[in-house]
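Residue strings, one per chain:
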Amino acid sequence: MTFIPPELLPAAPEIFVLTMACVILVIDVCLNDEDKTTTHWLCQGALLGGLILTWMTGGSGERITFNGHFVRDAMADVLKVGIFLAGSGALIFARDYLRMRKLVRGEYFVLTVFAVLGMMVMVSAGSFLSVYLGLELLSLSLYALVAFNRDSAVSTEAAMKYFVLGALASGMLLYGISMMYGATGSIDLRTVGNAVLAEGNKSLIMVFGIAFLVVGLGFKFGAVPFHMWVPDVYQGAPTSVTLLIGSAPKIAAFALVMRVLVEGASGLQADWQQMLLVLAVLSIALGNVVAIAQTNIKRMLAYSTISHVGFVFLGIASGSPDGYASSMFYVLTYVLSTVAVFGVIILCGKERDVENISDLKGLNDRSPWMAFLMLILMMSMAGIPFLVGFYAKFAVLQSLVNEGFVGVALFAVLLSVIGAFYYLRVVKVMYFDKGDGDEVHIELASDTKVVASVTALAVLFLGVYPSALMALCVATVR
Amino acid sequence: MLSELPLLSLTIWTPILGGIAVLFVGDDSPAKARRLALVVAVATFVLSLPLWTGFDVTTAAMQFGEFWPWISAFKINYHLGVDGFSMPLVLLTTFITVLVVIAGWEVVQYRVAQYMAAFLIMEGLMIGVFAALDAILFYVFFEAMLIPMFLVIGIWGGPRRVYATIKFFLYTFFGSVFMLIALLYMYFKSGSFEILEFHQLKLGMTEQILIFLSFMLAFAVKVPMFPVHTWLPDAHVEAPTGGSVVLAAITLKIGGYGFVRFALPITPDASASLDWLIIGMSLIAVVYIGLVALIQQDMKKLIAYSSIAHMGFVTLGFFVMFAILRSTNSLSGAALGIQGGMVQMVSHGFISGAMFLCVGVLYDRVHSRQIQDYGGVANTMPVFASFMVLFGFANAGLPGTSGFIGEFMVVLASFKGSFWIAFLAALTLILGAAYTLWLIKRVVFGEVVHKHVAELQDINTREFTILLVLAVAVLGLGLWPQPLTDVLQASVNNLVQHVAVSKL
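Residues numbered from 1 in each chain as written. Chains lettered and ligands numbered in written order. Predicted model: local features only at pLDDT ≥ 70, side-chain atom pairs only at ≥ 80, totals over all residues. Heavy atoms only, no water.

- As recorded in an unreviewed UniProt entry, chain B goes by the name NADH-quinone oxidoreductase subunit M, listed as coming from Plasticicumulans acidivorans.
- In its Sequence similarities (unreviewed entry) section, the UniProt entry covering chain B states "Belongs to the complex I subunit 4 family." (UniProt positions renumbered as here; feature names shortened; annotations may be inferred.)

- In the nomenclature of an unreviewed UniProt entry, chain A is known as NADH-quinone oxidoreductase subunit N of Plasticicumulans acidivorans.
- As recorded by UniProt, the Sequence similarities (unreviewed entry) comment attached to chain A reads in full: "Belongs to the complex I subunit 2 family."
- The record in UniProt for chain A states the following under Subunit (unreviewed entry): "NDH-1 is composed of 14 different subunits. Subunits NuoA, H, J, K, L, M, N constitute the membrane sector of the complex."

Written as C-alpha cells, this is what we have:
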C-alpha cells in the first residue's frame with residue numbers, strides 16, 4: 001500500500017490560514033500587553049493572505065482533493081471571499097471595542113481566525129466528516145469568544161446556553177449523518193447524493209436522516225423552532241462577538257445547507273423542501289412579530305436575524321437554481337448589513353455599550369453621519385428599495401412565485417410589513433426624539449469609522465447597482 | 001440638441017444628487033443650503049420644461065425614451081419615457097418643488113440642509129415614478145419615496161408626528177407589497193417587467209381580478225380612497241407645510257396615475273366587472289367625506305378631507321367609462337371621463353398646494369390651525385385674504401378656475417353613464433362650496449375677535465410670489481385648459497381604445 005499525497009493547491013488558502021493562526025498564537029505569547037494590536041494586524045494579514053490566495057488559485061472549475069473530503073468550486077470561492085471580508089470587519093471593530101473596555105487579548109483575534117478557518121472548511125466540505133470538522137472548529141471558537149468577557153455574568157450565561165444548545169445541535173446533526181451513513185454506506189457527499197437519488201424516496205431511514213440533518217442545520221442557522229439561543233447569545237455576547245456571530249457564520253451555514261441538502265440529498269428534495277418551508281414560515285412570523293416587543297437593540301436584531309434566516313430558507317425551499325442563487329445573494333448582502341449595523345452600534349457606544357434602542361435617542365443631533373448610516377441599514381433590512389435588502393427579498397420572492405408558491409410569497413411580504421415597524425422605530429428614536437443630554441458624545445476620527453461607512457454605503461451602492469453581485473450568484477450556483 | 005439629452009434622467013437625478021450635495025453643505029450653514037436647494041430645484045424645473053415644449057401631442061407613444069439594462073439576471077431595465085398621462089405630472093412635480101423650497105425658506109430653522117435635501121430627493125424619486133416604464137423601476141421609486149416623506153413628517157412635524165408618520169409609512173407599504181407580488185406573477189407569465197408588455201399580456205378573469213385587487217390596494221391607499229383614507233388627515237395635520245403640499249399636490253397623484261398606467265390597461269376586464277366597487281368608493285369619498293370635511297375644526301384637516309373628496313372625482317372619472325361603454329358604447333364619452341380625471345389631478349395639485357400654503361402662512365404667524373382662533377383676517381391681511389378667497393373659490397369649483405374644468409368634465413361624463421352617479425357626484429359642487437366657503441367665512445371674514453389676529457402682518461414678498469404664481473396657474477388652467485387637454489388627448493384615446501377591447 002502506497003501513500004499518494006493529495007493535491008494541496010486547491011486547499012492552499014486553508015493551509016495558509018491555519019499555519020498563520022498557529023504562528024500568530026506563538027508570536028502573541030512573546031508580545032507585551034501594550035502591543036496586542038500587533039496581533040490584530042497579523043490576523044488581518046492572515047485573512048488578507050487567505051483572500052489573495054483564494055483569488056489566485058480559484059476559478060478553474062470544480063476541483064476535488066483529499067479523497068473527496070474537500071471541494072473547491074466557484075460557489076466556495078465567492079462565499080469564502082465573503083467570509084474573509086466579514087471576518088476582517090469583525091476583527092477591526094473588535095479591536096476598538098476591546099481597547100475601549102481594556103479587554104485586549106491576543107487570543108480573541110486568533111480565535112476569530114480559527115473561526116474563519118472553520119467556516120472555510122465548511123464551505124469547501126465534500127463529505128460529512130469535513131462538514132462536522134469545520135462546524136465544530138467554528139462553534140468551539142465562538143463559544144470561547146462569547147465567554148470572552150469572563151467577569152460578565154450575562155456573557156457567561158450566554159456562552160453556557162450557546163454551548164449546551166450548540167452541542168445538542170451537533171448531536172442532532174451527527175445522528176442524522178450516522179443514519180445517512182447507515183443507509184448509503186458512505187460519508188462522501190457525492191456518493192451519498194447518488195445513493196439518495198437512486199432509492200431515496202423508498203428509504204424511510206434516509207428521510208429520518210434528512211429530518212435530523214435539517215434540525216441540526218436549523219439550530220445552527222437559528223430558525224424557529226430552534227432559535228431559542230439566538231436572542232440570548234446576541235444580547236449576552238460582547239457586541240463585537242455578536243457582530244461576528246451574526247455575520248460570517250450565516251454564509252457558512254448557507255454553504256452547509258447547499259452541500260448537505262442540495263448536493264447530498266437532491267433525491268429527497270420533496271421532503272426537505274417541505275421542512276424548510278415550515279421552518280421558514282415560522283421564522284418569518286415569529287421573528288418579525290416578537291422583534292416588535294424588544295427594547296434591547298441587540299435582542300431586536302436577533303429576532304430580525306431569525307426573520308431574515310426565514311427568507312434565506314425560503315429561497316432554498318423554492319428548490320430551483322434561481323432560488324439557491326437568490327438565497328446566496330440574500331445571505332451575502334445580509335451579512336454585509338449585519339457587519340455595518342453592529343459596527344455602527346459599536347461606534348455609537350464608546351465606553352458604554354448601546355444596549356437599549358432608546359440609547360440611540362437624538363443620534364441625528366449628536367452625529368448626523370452615524371444616524372444616516374443607521375437609517376440606510378434599517379431601511380435596507382426592512383426591504384425598502386434603492387437599498388440592497390429590497391433586491392434580496394425581491395429575488396427570493398421571485399423564485400417563490402416562479403415555483404408556484406404564491407401564497408407563501410404573500411405571507412412573507414405581509415410579515416415584512418409588520419417587520420418594517422420595528423426598523424422604523426429605530427429610525428424614529430434616532431431622528432424624531434430629542435436626546436436627554438446624558439448620551440455619549442461621539443467623536444469620529446478612527447479608521448473603524450471609515451470601515452463602517454464603507455460597509456453601509458456598500459448597502460446603498462448595491463441597492464442602486466445590484467446587477468453584478470446578482471449575476472455572480474446566479475453564475476456560481478449553476 | 002435638446003432632444004439628444006437624456007432629459008428624463010436629468011430631471012430625476014439632478015434633484016437627487018443635488019439633494020445629496022445639500023446634505024454635504026450641512027446644517028451649519030443654512031443660508032448656503034437654502035440657496036443651493038433653490039438653485040437645484042429651479043434647474044430641475046428648467047430641465048423639465050423641454051419635456052413640454054418638445055412633446056409631440058399627436059401620438060400616444062412613449063416619448064423621450066431611455067433604455068439601459070439594469071439588473072440583467074431578472075431582465076429589469078432602466079427604461080424611462082413619458083406620454084400624455086405622465087408628462088404633465090412630471091412638470092407638476094418640478095413646479096411644486098420649487099414652491100416648496102421657497103415656502104420653507106424662513107419657516108424652517110431646524111436642520112435646514114436635511115429638510116431641503118429630503119424634498120429634493122423626494123422630487124427626483126417622484127419623477128422617477130411617473131417616468132418609469134419598467135414595472136420594478138416603478139416599484140422601486142414608488143417605495144423609495146416613503147423614506148424622505150417619513151422623515152419629513154417625523155422630524156419637522158407637529159406634536160403627534162410619530163404616530164402620523166408611522167401610520168403613513170405602514171399604510172402605504174402594506175398596500176404596495178401586494179402589487180409587488182402581482183408584478184412578479186406577471187413576470188412569471190410574460191418573462192418581462194416592461195409595463196407596455198404587461199398591457200398586451202393576455203390574462204384570465206380570475207388572474208385579472210386578483211391582480212386588479214392588488215393594484216387597487218396599492219393605489220387606493222395612495223389616492224387615498226374611502227375606507228383606507230384615514231392616514232391622510234393624520235399625516236396632513238402633523239406634516240410641516242412643505243410636506244403637506246407635496247403630499248396633497250403630488251404623492252396623491254401617484255395613486256391616480258397608477259390606475260391609468262397599471263390597473264386599467266393591464267386588467268381591463270376585471271376593471272369593467274369591478275367598476276361598481278371603485279365608483280362606489282369614489283362616490284362615498286365625494287359625498288360622505290365631503291360631509292366629514294364640513295364639521296372639521298382644524299383647517300388642515302378640513303383641507304385634507306377636501307383632498308380625499310376631490311380625489312374621489314379622479315377615480316370616478318377613470319372608472320365611469322365602463323358605465324358609459326355599457327350604456328351608450330361611446331368611446332368619446334369614456335375619454336371625457338378619463339381626461340376629466342387627469343385635469344382634476346393637475347388642478348387639484350395647484351389648488352390643494354395653494355390651500356396648504358395659505359394655512360401655512362397663517363400657522364407661521366399664529367401657531368394654531370384651529371378655525372376658531374381666527375376670524376377677520378381680511379382686516380389685517382387684505383392681500384393674503386384675497387388670495388385665500390381665490391383659492392377657496394377654486395377649491396369649490398367655481399367656473400373660471402381650474403377646479404371647475406375637471407369636475408365639470410367628470411360630471412358631464414357621468415351623465416352619459418348613469419343619472420344617479422352624476423347626481424351624487426354633482427353634490428360635491430354643493431358640499432365643496434359649503435365647507436370651503438364656510439371655512440373662508442370663519443377665517444377670513446367677520447369681526448376681529450382675537451388679539452393675535454389684530455396684530456397680524458400681511459404676507460411678505462416671498463409669500464406673495466408663491467401665492468401669485470399658484471394663482472396664475474389656477475386661473476390659467478381654468479380659463480385656458482387646452483394646452484393640457486391637447487397633451488392628454490392622444491394618450492387618453494389610446495387608453496380608452498385599449499381598455500374597450502377584452503383581454504379574455
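Having seen the structure, we can now continue with the description.
Considering empty space enclosed by the protein
Take a probe with the size of a water molecule and roll it over the atoms, and the empty space left behind shows itself.
Argument step 1. Scanning the entire structure with this criterion turns up eight cavities of 30 Å³ or more.
Argument step 2. Estimates place the volume of the largest cavity at around 180 Å³.
Argument step 3. Secondary structure elements with two or more residues in the lining of the largest cavity: α5 (128-146), α6 (153-184), α8 (204-221) and α11 (248-263) of chain A.
Argument step 4. Residue composition of the lining of the largest cavity, grouped by class: twelve nonpolar, two polar and two charged.
Argument step 5. Computed from the structure, the second largest cavity encloses a volume of approximately 100 Å³.
Argument step 6. Every residue lining the second largest cavity is counted, 13 residues in all, and those nearest its centre are A:G383, A:K393, A:L397, A:V413 and B:L180.
Argument step 7. Those elements giving two or more residues to the lining of the second largest cavity turn out to be α17 (388-402) and α18 (406-431) of chain A together with α7 (161-190) of chain B.
Argument step 8. If one sorts the elements of the lining of the second largest cavity by residue count, α17(A) sits on top with four residues. (1 Å grid on protein atoms, 1.4 Å probe; cavity = no way out; pocket = protein on both sides within 12 Å on 5 of 7 lines; lining within 4 Å. Points joined across faces, edges and corners; volume = space filled by probe spheres on them. Helix = DSSP H or I, 4+ residues; strand = E, 2+ residues; numbered from the N terminus. Nonpolar A, V, L, I, M, F, W, Y, C, P; charged D, E, K, R; others polar.)

Some details on the environment of A:F390
Argument step 1. Turning to its location among the elements, A:F390 is positioned in helix α17.
Argument step 2. The spacing of A:F390 and A:S380 is ten residues in sequence and 6.5 Å in space, taken between C-alpha atoms.
Argument step 3. With sequence-adjacent residues up to four places away left out, A:F390 is seen in contact with A:S380, A:G383, A:I384, A:P385, B:Y139, B:V140 and B:L180. (Contact = heavy atoms within 4.5 Å.)

Notes on the interface of chain A and chain B
Argument step 1. Contact with chain A, which involves 40 residues of that partner, is made by 39 residues of chain B.
Argument step 2. Contact between chain A and chain B buries roughly 3,700 Å² in total, counting both sides, with carbon and sulfur atoms accounting for 82%.
Argument step 3. Linking chain A with chain B are one salt bridge.
Argument step 4. Residue B:R111 is joined to A:D365 by a salt bridge in which the shortest nitrogen-to-oxygen separation is 3.2 Å. (Buried area = accessible area lost by both parts, 1.4 Å probe. Salt bridge = Lys/Arg side-chain N within 4 Å of Asp/Glu carboxyl O.)

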